[in-house]
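# Architecture at a glance
Listed below are the residues making up each chain.
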Amino acid sequence: MSIDNQQNSAFVVETQEMEPTAKSSNASGNYSRRVSNEPSPERVVELLRQSLERHRGDRQLVLLQDFPDPDALSGAWAYQLIAKQYNIQCEIVYAGTLSHQENIALVKLTGLPARRWGIQSLKEKDLSVYQGCVLIDNQGTTCQLLPLVQNAGIPIRVVIDHHSTQNELNAEFTDIRPSTRATATILTQYLQGGLLKLDSSVSDHVKCATALMHGLRSDTNRLMQAQEEDFQAAGYLSRFYDAQLLNAVLQAYRSKRVMDVIERSLTNRSVQNNFSIAGVGYLRYEDRDAIPQAADFLVTEENVHTAVVYGIVHDEDEELEVVIGSLRTSKLTLDPDEFIKEAFGQDSQGRFFGGGRLSAGGFEIPMGFLGGFNENSEYAKIKWEVFDSQIKQKLLRLVNPKDNLLHGE
């Protein structure tokens with residue numbers, strides 16, 4: 001089925017719908033084409049659902065522009081999650097690079113499953129395993145991968161974009177809306193239409209909703225250029241997205257290595273009695289400032305008033321290692337100085353391992369004989385596990401004095 005509007009229309013949907021007819025001009029003989037008026041949003045969702053149903057069990061490539069932005073990345077992830085409901089396995093790929101710090105942060109912090117495929121690496125891949133490709137937030141003109149995919153004989157199943165129509169791709173389903181501000185808005189409308197029921201208890205759903213919110217904000221200049229449909233989409237996403245995670249993504253001044261540490265703190269944190277405690281493993285000495293930044297982030301989580309983040313910092317110049325930690329709190333009755341001193345005590349010469357001030361504190365614990373570089377990765381792993389367990393025990397003795405056992409979330 002093909003539904004087309006005038007060039008200046010705000011809504012262009014073009015799709016081929018299965019018809020039981022023998023008089024088709026298509027090479028496959030399975031489709032006929034009709035023209036009708038602009039479809040309702042419900043009809044658009046139904047047409048995409050039919051396309052997904054026809055290709056249940058397929059494997060698809062989701063192609064992004066060479067330098068994908070938050071709108072493209074989030075829209076592709078939403079499509080991947082929708083397609084998963086139909087047992088369609090999708091791989092999200094791009095040829096260029098993530099050049100903006102916020103894009104790097106978005107992928108890193110949410111675990112967004114997009115991968116870089118260089119032109120040369122694509123030539124070496126067996127593309128026969130894919131039964132279709134999908135274009136999200138582009139129509140192929142900004143994607144170096146599309147010609148190679150088409151040369152491999154992979155048909156275009158779906159095109160979803162909000163840019164003006166650029167060329168005829170003869171896709172099975174095409175939803176192009178030039179006057180819609182963001183592709184993320186279109187994908188969110190698919191979610192609202194029932195193609196995927198978001199669940200706030202599912203981590204990937206929350207992270208994808210956060211990515212969609214970021215994509216929507218990005219392409220509407222922080223909603224200042226948003227239209228009614230964008231606000232409606234944002235209102236829907238507000239039920240599921242993680243505001244703290246989005247805030248972390250928007251901190252573009254943070255370096256990639258800092259983001260790595262924040263990601264580790266998110267992954268490894270344990271929350272008890274409104275305390276968030278996270279060990280982040282090994283860090284280079286020049287990255288030690290990532291620890292307090294991670295604590296700054298963790299303390300913003302809902303139902304958390306205090307965060308403690310720590311790791312083993314290695315100083316190559318001095319050939320020594322030290323455990324470094326930071327505490328951040330919004331609880332007025334918690335004194336960081338007293339808390340840290342009581343938790344870690346003093347060395348043999350009576351010097352405290354740490355202290356603090358209002359709302360913040362820190363500690364450094366020399367590793368002594370166990371410090372220093374060792375090429376044995378298994379040894380390094382064991383050493384970290386020992387220090388991680390010991391620090392957690394000392395903290396939990398104060399956080400949860402009735403139960404000193406370690407618990408995961």
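Before reading further, recall that the structure is shown in the block above.
We now turn to the structure provided with this report. (Residues numbered from 1 in each chain as written. Predicted model: local features only at pLDDT ≥ 70, side-chain atom pairs only at ≥ 80, totals over all residues. Heavy atoms only, no water.)

## Quick word on the environment of W77
For clarity, the threshold we go by: For helices the rule is a DSSP run of H or I covering at least 4 residues; for strands it is a run of E covering at least 2, with both sets numbered from the N terminus onward. Between two residues, a contact is recorded if the distance between any of their heavy atoms is within 4.5 Å.
Topologically, W77 is positioned in helix α2 (residues 70–84). Excluding its chain neighbours within four sequence positions, the residues that come into contact with W77 are I92, T110, L112, P113, D204, K207, C208 and A211.

## So, a nonpolar patch on the surface
As a reminder of what qualifies: A patch consists of residues exposed above 30% relative accessible area that lack any salt bridge, with like charges linked at up to 9 Å and nonpolar side chains (Val, Leu, Ile, Met, Phe, Trp, Tyr) linked at up to 5 Å. All accessible-area figures derive from a Shrake-Rupley calculation using a 1.4 Å probe, and residue coverage is judged against the displayed protein chains alone. Salt bridge, as applied in this entry: a Lys or Arg side-chain nitrogen positioned within 4 Å of an Asp or Glu carboxyl oxygen.
On the surface, a nonpolar cluster with roughly 350 Å² of combined accessible area is contributed by F369, L370 and Y379. Inspection of the secondary structure puts F369 in the loop between β16 (360–366) and α13 (377–399).

## Points about the packing of helix α3 (residues 101–110) against helix α10 (residues 256–268)
Note the cut-off: As a rule, the C-alpha atoms of each element are fitted with a line to give its axis, helices using only the stretch in contact, and angles between N-to-C directions run from 0 to 180 degrees. Any angle that falls under 35 degrees is termed roughly parallel, while one over 145 is termed roughly antiparallel, one within 65 to 115 roughly perpendicular, and all others oblique. Working rule for handedness: look at the near helix, and if it is turned counterclockwise from the far one by less than a right angle, call the crossing left-handed; if clockwise, right-handed.
Between α3 and α10, whose axes approach to 10 Å, the crossing angle comes to 25 degrees. One finds that α3 runs roughly parallel with respect to α10. Classified by chirality, the crossing of α10 by α3 is right-handed. On α10, the residues that touch Q101, I104, A105, K108 and L109 of α3 are K256, M259, D260, I262, E263 and L266.

## Re the pairing of strand β10 (residues 173–176)
What counts, and what does not: Note on exposure labels: buried denotes an accessible area under 20% of the residue type's maximum, exposed denotes more than 50%, and partly exposed covers the range between, all computed with a 1.4 Å probe on protein chains only. If DSSP finds at least two bridges between two strands, the strands pair.
Of the two faces of β10, the one holding F173 and D175 and the one holding T174 and I176 are both buried throughout. Two elements, strand β9 (residues 156–161) and β10, share four bridges in a ladder whose sense is parallel. Paired with V158 across the strands is F173, a residue of β10.

## Description of the nonpolar core
Inclusion rule: Here, the term nonpolar core denotes a set of buried Ala, Val, Leu, Ile, Met, Phe, Trp, Tyr and Cys residues that are joined through side-chain atoms within 4.5 Å.
If you look at the biggest cluster of nonpolar residues, it comprises 77 residues, and the most contacted ones within it are V62, L64, Y79, I160 and Y190. It is α2 that contributes the most residues to this core, nine residues altogether. Those residues in contact with L64, other than ones at most four positions away along the chain, are A72, L73, A76, I92, V93, Y94, I136, N138 and C143. I277, L327, F363 and W384 belong to the second-largest nonpolar core, a separate cluster that totals 22 residues.

## Looking at the packing of aromatic side chains
Any two aromatic rings considered together are summarised by their centre-to-centre distance and by the angle between their planes. Cut-off, in case you're wondering: The pairing test for Phe, Tyr and Trp rings, Trp by its six-membered ring, is centres within 6.5 Å, and the orientation test on the planes gives stacked under 30 degrees, edge-to-face over 60, and tilted for anything in between. Here, over-ring charges are defined by two tests on the NZ atom of lysine or the CZ atom of arginine: distance to the ring centre within 6 Å, and angle to the ring normal within 35 degrees.
Summed over the entire model, instances satisfying the criterion amount to six aromatic pairs. Pairwise contacts between aromatic rings join Y282, Y310 and W384 into one cluster. Directly above the ring of W117 sits K125, whose terminal nitrogen or CZ lies 4.5 Å from the centroid. In this structure, K341 is placed above the aromatic ring of F352, and the distance from its NZ or CZ to the ring centre is 5.0 Å.

## Examining helix α11 (residues 290–298)
Across the nine residues that make up α11, a large majority, seven, are buried. For α11, the full list of buried residues reads A290, I291, P292, A294, A295, F297 and L298.

## Here's the deal with the state of the cysteines
Let me state the cut-off plainly: Pairs of cysteine sulfur atoms within 2.5 Å are what we label disulfides.
According to the stated counting rule, one finds zero disulfides in the structure shown. Just so you know, C133 is unpaired, no disulfide at all, and the nearest cysteine sulfur is the one on C143, 8.4 Å from it.

## So, the packing of helix α12 (residues 336–344) against α13
A packed helix pair is summarised by two numbers, namely the angle formed by the two axes and the spacing between the axes. Rule in force here: The residue classification treats Ala, Val, Leu, Ile, Met, Phe, Trp, Tyr, Cys and Pro as nonpolar and Asp, Glu, Lys and Arg as charged. All others, Gly included, are polar.
Contact geometry for α12 and α13: axes closest at 9 Å, N-to-C directions at 125 degrees. By the angle class used here, α12 and α13 are oblique. The handedness of the crossing between α12 and α13 is right-handed. Between α12, through F339, E342, A343 and F344, and α13, the contact on the second element is made entirely by I391, K394, L395, R397, L398 and V399. Taken together, the residues that form the contact of α12 with α13 break down as seven nonpolar, no polar and three charged.

## Here we look at the pattern of salt bridges
Taken as a whole, this structure holds 17 salt bridges when the rule is applied. Notably, a salt bridge pairs R115 with E91, separated by 2.5 Å at the nearest N-O pair. Remark: E91 occurs in strand β6 (residues 89–94) and R115 occurs in strand β7 (residues 114–116); sequence separation between them is 24 residues. As a salt-bridge pair, R328 and D296 come within 2.8 Å of each other at their nearest N and O atoms. Linking R328 in strand β14 (residues 320–329) with D296 in helix α11, this pair joins segments that are 32 residues apart in sequence. A network of salt bridges, in which partner residues are shared, links K108, K256, D260 and E263.

## Quick word on unusual backbone geometry
At N170, a residue that is not glycine, the phi angle is positive and equals roughly 55 degrees. With respect to the helices, strands and loops of the structure, N170 is situated in the loop between β9 and β10. Judged by its relative accessible area of 48%, N170 falls in the partly exposed class.

## Focus: the environment of V159
Relative to the helices and strands, V159 resides in strand β9. Residue class for V159 comes out buried when judged on its relative accessible area of 1%. Residues V159 and D175, 16 residues apart in the sequence, show an inter-C-alpha distance of 6.2 Å. Those residues in contact with V159 that lie beyond four places of it in its chain are L135, N138, Q139, L169, A171, F173, T174 and D175.

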